[in-house]
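Architecture at a glance
Listed below, chain by chain, are the residues.
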Amino acid sequence: MTAKTITAAAAGSFELGDLPVNRIGFGAMRLAQHGTVFGNSVPSDRGQAIIVLRRAVELGVNHIDTAAFYFSALRSANELINRALAPYPDDLVIVTKVGPGRDPSGEWLWARPEQLRGQVEENLRQLGRDHLDVVNLRIPRSQATGSIAEHFGALADLRDAGLIRHLGISNVTPAHLAEAQAIAPVVCVQNAYGIGARPEDHELLRICGEQGVAFVPFFAIAGAGREAGASVTDSEEVFAVARAHGVTAAQVRLAWTLQRGSHVLAIPGTGNPDHLTDNVAAGALRLSPDEMTRLDSLQKSGE
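Let me begin by describing the structure that accompanies this report. Note that the structure is predicted; figures quoted are calculated from it, not measured. Each residue is numbered by its place in its chain's sequence as written, counting from 1. Since the coordinates come from a predicted model, pLDDT governs what is reported: local features require at least 70, and pairs of side-chain atoms require 80 or more to be given and counted, while whole-chain, interface and lining totals use all residues. Side-chain measures were taken over the full set of non-hydrogen atoms in the model, leaving aside hydrogen atoms and water.

**Notes on the sheet that holds strand β3 (residues 26-27)**
- Between any two strands, at least two bridges found by DSSP are needed for them to pair. A run of H or I in DSSP counts as a helix once it spans at least four residues, and a run of E counts as a strand once it spans at least two, with each numbered from the N terminus. The parallel open sheet is built from 7 strands, whose spatial order is β3-β4-β5-β8-β9-β10-β11. Pairing within the sheet leaves two strands with one partner each, and these edge strands are β3 and β11 (214-215).
- Across 4 bridges, the pairing between strand β9 (residues 164-170) and strand β10 (residues 186-190) is parallel. In the strand pairing of β10, Ile169 is matched with Val189.
- Where helix α4 (residues 149-160) meets the sheet, its contacts fall on β5 (93-98), β8 (132-138), β9 and β10, and the angle it forms with β9 comes to roughly 165°. In what follows, residue pairs with any heavy atoms lying within 4.5 Å of each other are defined as contacts. Only C-alpha atoms enter the line fits that serve as axes; for helices the fit covers just the stretch in contact. Angles between N-to-C directions range over 0 to 180 degrees.

As structure tokens, this is what we get:
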């Protein structure tokens, strides 16, 4: 590693409960296959996936986001993480999520509260751990306004049993956060968020900051492309800022996200070593107040 290499430490750090992490992390969703993440895409190259994971840790990434349902016909993100990084560095925090599941054919299911232990144990087996650092309860879009008390209570029981260290929630509203906090401490909220976010998304980020809860956006680069990945097009405002700094639009999107608050983490994912280096380097990019204001003003309807 050369003296000029930018590491994840450049983004600063925050704590997931009592676990300090650099604010630039790594999302494992794209490790298992190329193209559409949950479609019938080509499985990833196993060797390259392992190289990317090891390089991420070399670059100071100590926060990896994953899930047992990140798999293709031949690859499992969790098992790739295990193969590449075990025995794990002492400072590495692995965050996983439960709630959704996929059967071997790839069909989706939503776990009942009593099924969450099985999902937690599946993650433990695949990762080769005796406990999970952080587990997020992921809420399906179909239950965006429903109660999460039974599901989150089941995870709180597993935390009390020592299988989980800390709890988080994902794809949620402020009402979900309040409901969960009344049951057990929430260390992170993981929601879709990025340039062009809705006013209610900004509000949830603000609430998390007031409560000392980490806000962990997904799709910060992909935006409306979601699982399909970033679009080849972007707004002229984003490109103008990128040109001014000599960086990519993706790096601008990551930098903007991180500058939304000191409690904001980023988990960009990639199977490409060069993209990984660029993503980590975005943690050192500082946008001016004027640039932040210009990007703040973008709305999804205008992109």
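**Overview of the packing of aromatic side chains**
- Paired rings are identified among Phe, Tyr and Trp, the last through its six-membered ring, by centres lying within 6.5 Å, and are further divided according to the angle between planes into stacked (under 30 degrees), edge-to-face (over 60) and tilted (the rest). Scanning the entire structure with this criterion turns up 4 aromatic pairs.
- For the ring pair Phe69 and Trp108, a centre distance of 5.4 Å and an interplane angle of 65° mean the geometry is edge-to-face. Within this pair, whereas Phe69 is found in the loop between β4 (63-65) and α2 (77-85), its partner Trp108 is found in strand β7 (residues 108-110), the two being separated by 39 residues in sequence.
- On the basis of relative accessible area, Phe69 is assigned to the buried category, the value being 6%.
- Partly exposed describes any residue whose relative accessible area lies between the buried limit of under 20% and the exposed limit of over 50%, with all areas from a 1.4 Å probe on protein chains only and scaled to the type maximum. You can call Trp108 partly exposed: its relative accessible area is 44%.

**Notes on helix α10 (residues 289-296)**
- Of all the residues in α10, the buried ones are Glu291, Met292 and Leu295. Angular distribution of buried residues about the axis of α10 spans 100°; they occupy a single face of the element. Facing away from the buried side of α10 by more than 90 degrees, the exposed set consists of Pro289 and Thr293.
- Elements that come into contact with the buried residues of α10 comprise α7 (236-245) and α8 (249-258). In this description, the arc belongs to the directions extending from the helix axis to the C-beta atoms.

**Examining the pattern of salt bridges**
- Put simply, a salt bridge is a Lys or Arg side-chain nitrogen that is within 4 Å of an Asp or Glu carboxyl oxygen. Under the defined criterion, the tally for this structure stands at 14 salt bridges.
- As a salt-bridge pair, Glu200 and Arg198 come within 3.6 Å of each other at their nearest N and O atoms.

**Thoughts on the environment of Leu80**
- You can see Leu80 is positioned in helix α2.
- In this structure Leu80 comes out as buried when scored by relative accessible area, which is 1%.
- Note: C-alpha distance between Leu80 and Gly47 (33 residues apart in sequence) is 9.4 Å.
- If sequence neighbours within four positions are ignored, Leu80 has contacts with Leu31, Arg46, Ala49, Ile50, Leu53 and Arg75.

**So, the environment of Val134**
- Along the chain, Val134 turns up in strand β8.
- As a C-alpha pair, Val134 and Asp65 span 69 residues in sequence and 9.4 Å in three-dimensional space.
- Discounting chain neighbours no more than four positions away, the residues touching Val134 are Leu16, Leu19, Val93, Ile94, Val95, Thr96, His166, Leu167, Gly168, Val187 and Cys188.

**Some details on the packing of α2 against helix α3 (residues 116-127)**
- Between α2 and α3, the least distance of the axes is 8 Å, while the angle of their chain directions is 35°. Here α2 contributes Asn78, Glu79, Ile81 and Asn82 to the contact with α3, which in turn contributes Asn123, Arg125, Gln126 and Leu127.
- Of the residues assigned to the contact of α2 with α3, the class counts are 2 nonpolar, 4 polar and 2 charged. Gly falls in the polar group here, along with every residue not listed as nonpolar (Ala, Val, Leu, Ile, Met, Phe, Trp, Tyr, Cys, Pro) or charged (Asp, Glu, Lys, Arg).

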